[in-house]
Amino acid sequence: INAEYMGTPSECLFFFEMTLKALVSIKRVIDYTVKVRVRPDKLGVIKDNVKHSCNPFDEIAVEQAVRMKEKKLVGEIVAVSIGGPKSVEVLRGSALALGVDRAIHVKLPSDNDDVESLAVAKILHKIAEKEKPDVILTGKQAIDDDSCAVPQMLAGLLGWSQATFISELEVAGKTAKICRETDAGMQRLEVSLPSVISCDLRLNEPRYAKLPEIMKAKKKPLQEITADSLGVSTQPKIQILEVADPPTRAAGRKVKTVEELITKLKTEAKVI
Amino acid sequence: MKVARSLLGKALVVVEHNNAKVSPATLAAVTAASKLGEVTALVAGKGSKSVVDEISKIQGIAKVLAVDSAEYEHGLPENFAPLVKKVQDENKFTHIVAAHTTFGKGVLPRAAALLDTQSVSDVIGVKDENTFLRSTYAGNALASVKSSQALNILSVRPTSFDKAAQGGSASVAQVAATGESGLTKWLADEVDTSGKPDLTSARVVVSGGRGLKAPENFKLLYSLADKIGNCAVGATRAVVDAGFVSNDLQVGQTGKIVAPELYIAVGLSGAIQHLAGMKDSKVIACINTDPEAPIFSVSDYGLEGDLFDAVPKLIAGL
């Protein structure tokens, strides 16, 4: 919580602006435009020489924190990323260069290392205990693992409210009103702060980093720590036996007319 | 001599419902749970007796644990997760299962954290009590995983398992409520009550993309859906973002995953993330003016043409 004195000495106006502290968790993943290929040894996917970037939903989380800071709802934004050496690139390029104040890199030995959701949640839990944020923002899921679990697990470990898949966020003092996207449509909740918030597609449209901010980002604090130093084990509880290609569909054919399509659907595919 | 392999597991299914009916997705979770051992269903709700009655008559359910209390009315994970933990501590199940839906995604990981368990999400296959198949990278890499945990928590993809049928007769026991967490207050659910077929369980799905050009053109797809019958309308992320249709129509990696008998893709190019949501459909047909659109590569029947000409002809000809 940051306090700001506002007003002229002669007026003796004390205006305490209580701003929130935001912790944003981001992940370096294979870029969403890449056609992912399974490795020949079938133990994972090919990552070498493949384009990586910040998880798109985490970019939305960063953008939300920055907008809240611009509105003076948030005073300080700290970004954290758990990953190999190259995760520093997303911390600098997708967080510090966009308005995040400082970054923490929980460094894994290799860029090919994966950490399970529960271990990620435990690492973030430890960092949150130290940093004492009022809101933890992250994307609703990572587009590589697709587990969609970390925010919920973290909220469970912290005993905080969880606001997942949000498309609207309105902070008001000690609570926040949110709108979230559900299978059936939308749901509106009022969550108490502190809260773990996971961001969905339509919450905002992330900005691009501008050159002056990219230059400033190089000087912003970036601390490197390990999971060990936090007392969290990254030993997996689940073993990956094999990673396989999805079943391939038989090649289809082009039809020339609507009549031909209807005939094929009725007599050949027998679905109409 | 043939020996039936008996399952030693005890699975708990966390039932998703609206206090009136069991969700179809939960019936798929019951089928998945049945592959793991004896199945117990947990029904927590408010005024949800009809849900208890319904699930107790589903094949494969041996027991139902029920609690009726205000804090469970809206499926809030902050209230459900402590209940799941308590039921687990008291009963020591080997598996906790729910469907990978908004409800399952909200509750199961939070409960898993309380139970110090690494959960397994979006399970599309159960090989045995410890070995599961799950989808990663938008369905482009299927991971076969083995867990060494005494408890496994699984959220399963509803379209990957048949829905359990009626014909069971389970005993019902009441469990104590765990109380209101006070963390979150439900304000409203804004849902479509038009009674149109549900996207994830309709026999046929017709989806539209940017080719539709304007929101009012979705009328064409609704007319087509009406003509076909038991047909739901879906959409790509692009048109949901543009405000043509509401978010619950979005089919894709992080939207809905569907696997109908027939998927007709109209005026959509077939981005990787959209394909993730529909490539397990039995039959796929597409209508697009661009012969190079990726959607053709997954379509059994592809019509290169203008949807504004083709769709009315399709409606008339069916």
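Residues numbered from 1 in each chain as written. Chains lettered and ligands numbered in written order. Predicted model: local features only at pLDDT ≥ 70, side-chain atom pairs only at ≥ 80, totals over all residues. Heavy atoms only, no water.

All right, on to the overall build of chain A then. Helix and strand counts for chain A stand at 6 helices and 13 strands. Overall, the C-alpha framework of chain A stretches about 90 × 45 × 40 Å when taken along its three principal axes. For chain A, buried positions account for 52% of its 272 residues. Sequence-distant contacts, at least 24 apart, represent 69% of the contacts inside chain A between residues at least 6 apart. For chain A, the exposed surface amounts to about 13,100 Å²; the carbon and sulfur share of it is 55%. In chain A, 41 positive and 38 negative side-chain charges are present, and the distance between their average locations comes to 3 Å. (Helix = DSSP H or I, 4+ residues; strand = E, 2+ residues; numbered from the N terminus. Buried < 20%, exposed > 50% of the residue type's maximum accessible area, 1.4 Å probe, protein only. Contact = heavy atoms within 4.5 Å. Areas by Shrake-Rupley, 256 points an atom, 1.4 Å probe, with all protein chains shown as cover. Lys, Arg positive; Asp, Glu negative; His and termini not counted. Charge placed at Lys NZ, Arg CZ, Asp CG, Glu CD.)

The subject of this paragraph is the sheet that holds strand β15 (residues 301-304) of chain B. Strand order in the open sheet formed by 6 strands is β13(A)-β15(B)-β14(B)-β13(B)-β11(B)-β12(B), and the pairing between neighbours is parallel. Each edge of the open sheet is held by one strand with a lone partner, namely β13 (253-255) of chain A together with β12 (231-235) of chain B. If you compare each strand with its neighbour and ignore which way they point, the axes differ by 20° on average. As paired strands, strand β11 (residues 204-208) of chain B and β12(B) are joined by 5 bridges and run parallel to one another. (Pairing = 2+ DSSP bridges. Axes fitted to C-alpha atoms, helices over the stretch in contact; angles between N-to-C directions.)

Glancing now at helix α5 (residues 218-228) of chain B. Residue and element names in this part refer to chain B. The set of residues buried in α5 consists of F218, L220, L221, L224, A225 and I228. Take α5 and look down its axis: the buried residues cluster within an arc of 150°, on one side only. For α5, exposure combined with an orientation more than 90 degrees from the buried face picks out K219 and D226. Here the buried face of α5 lies against β11, β12, α6 (237-241), β13 (262-266) and α9 (307-317). Of the residues trailing α5, G229 is marked for its positive phi of about 85°. (Arc of directions from axis to C-beta.)

Let us look at the confidence of the model for chain B. The share of residues in chain B with pLDDT of 70 or more is 98%, and the mean pLDDT across the chain is 95. If you check the scores for this complex, the pTM reads 0.93 and the ipTM reads 0.93. (pLDDT = per-residue confidence, 0-100.)

Next up on the list: the pairing of strand β6 (residues 131-136) of chain B. Residue and element names in this part refer to chain B. Taking burial as the measure, the 6 residues of β6 include 5 buried ones, the bulk of the element. Here 4 bridges tie strand β5 (residues 120-128) to β6, and the two strands are oriented antiparallel to one another. Bridged to G125 within β6 is L133. Once β5 ends, the chain turns through 2 residues before running back antiparallel as β6. Bridge count between β6 and strand β7 (residues 141-147): 6 bridges; the pairing is antiparallel. Each bridged residue has a counterpart across the sheet, and for T131 the counterpart in β7 is K146. Taking the residues between adjacent antiparallel strands as the criterion, β6 and β7 are bridged by 4 residues, where Y137 takes a positive phi near 50°.

Per the counting criterion, the structure on display carries 2 aromatic pairs over all chains. Here Y72(B) and F80(B) contribute two aromatic rings whose centre-to-centre distance is 5.4 Å and whose plane-to-plane angle is 75°, an arrangement assigned as edge-to-face. Judged by its relative accessible area of 3%, F80(B) is buried. With a centroid separation of 5.2 Å and an interplanar angle of 90°, the aromatic rings of F80(B) and F103(B) are classed as edge-to-face. Residue F80(B) is found in helix α3 (residues 77-91), and its partner F103(B) is found in helix α4 (residues 102-114); the two are separated by 23 residues along the sequence. Across this residue pair, the class does not change: F80(B) and F103(B) are buried. Three or more aromatic residues link up through ring pairs in this structure, and these residues are Y72(B), F80(B) and F103(B). Above the face of the F296(B) ring, K254(A) is positioned so that its terminal group lies 4.7 Å from the ring centre. Above the plane of the ring of F93(B) lies K10(B), whose end atom (NZ or CZ) is 5.3 Å from the centre. (Phe/Tyr/Trp six-rings, centres within 6.5 Å; stacked < 30°, edge-to-face > 60°. Lys NZ or Arg CZ within 6 Å of the ring centre and 35° of its normal.)

Another point: the environment of L265(A). Looking at the secondary structure, you find L265(A) in helix α6 (residues 258-268). With sequence-adjacent residues up to four places away left out, L265(A) is seen in contact with K270(A), V271(A), I272(A), L262(B), V283(B) and Y301(B).

Residues and elements named next belong to chain A. Where nonpolar side chains cluster on the molecular surface, the patch consists of L211, I214 and M215 and spans about 280 Å² of accessible area. Mapping L211 onto the fold places it in helix α5 (residues 211-217). Using a relative accessible area of 59% as the deciding quantity, one classes L211 as exposed. (Patch = residues over 30% accessible without salt bridge, like charges linked within 9 Å, V, L, I, M, F, W, Y side chains within 5 Å. Salt bridge = Lys/Arg side-chain N within 4 Å of Asp/Glu carboxyl O.)

We now examine empty space enclosed by the protein. Enumeration over the complete set of coordinates arrives at 3 cavities of 30 Å³ or more. Its boundaries defined by the atoms lining it, the largest cavity holds a volume of some 110 Å³. Forming the walls of the largest cavity are 13 residues, and the residues nearest its centre are Y32(A), V36(A), I143(A), Y137(B) and A138(B). Grouping the constituent residues of the lining of the largest cavity by class yields 8 nonpolar, 3 polar and 2 charged. (1 Å grid on protein atoms, 1.4 Å probe; cavity = no way out; pocket = protein on both sides within 12 Å on 5 of 7 lines; lining within 4 Å. Points joined across faces, edges and corners; volume = space filled by probe spheres on them. Nonpolar A, V, L, I, M, F, W, Y, C, P; charged D, E, K, R; others polar.)

This paragraph deals with the sheet that holds strand β5 (residues 102-107) of chain A. Taking strand neighbours across the sheet as the criterion, the 10 strands line up as β11(A)-β5(A)-β4(A)-β1(A)-β6(A)-β10(A)-β7(A)-β8(A)-β9(A)-β10(B) in an open arrangement whose pairing is mixed. Of all strands in the sheet, those with a lone pairing partner are β11 (222-225) of chain A together with β10 (184-191) of chain B, marking the two edges. Taken pair by pair, the neighbouring strands of this sheet meet at an average axis angle of 30°, ignoring direction. Inspection of the sheet shows strand β9 (residues 185-192) of chain A paired to β10(B) by 7 bridges, in the antiparallel sense. Directly across from M186(A), in β10(B), lies its bridge partner E190(B). Along the sheet, helix α1 (residues 56-70) of chain A contacts β1 (20-26), β4 (74-83), β6 (135-139), β7 (161-172) and β10 (195-199) of chain A; its crossing angle with β6(A), the most-contacted strand, is approximately 145°.

The interface of chain B with chain A comprises 83 residues on the first partner and 79 residues on the second. Summing the contributions of chain B and of chain A, the shared interface buries around 6,700 Å²; its carbon and sulfur component is 54%. Summed over the three residues of chain B that lose the most area to chain A, namely Q118(B), Y137(B) and Y301(B), the buried surface amounts to 12% of that side. The interface formed by chain B and chain A contains 6 salt bridges. (Buried area = accessible area lost by both parts, 1.4 Å probe.)

It is worth spelling out the packing of helix α4 (residues 150-158) of chain A against α4(B) at this point. For the pair α4(A) and α4(B), interaxial distance at closest approach is 7 Å and the crossing angle is 45°. If you check the angle between α4(A) and α4(B), you find them oblique. Between α4(A) and α4(B) lies a crossing whose hand is right-handed. On the side of α4(A), the interface is formed by Q152(A), M153(A), A155(A), G156(A) and L157(A), while α4(B) contributes K105(B), G106(B), P109(B), R110(B), A112(B), A113(B) and L114(B). Residue composition of the contact of α4(A) with α4(B), by class: 7 nonpolar, 3 polar and 2 charged. (Parallel < 35°, antiparallel > 145°, perpendicular 65-115°, else oblique. Left-handed = near helix turned anticlockwise from the far one by under 90°.)

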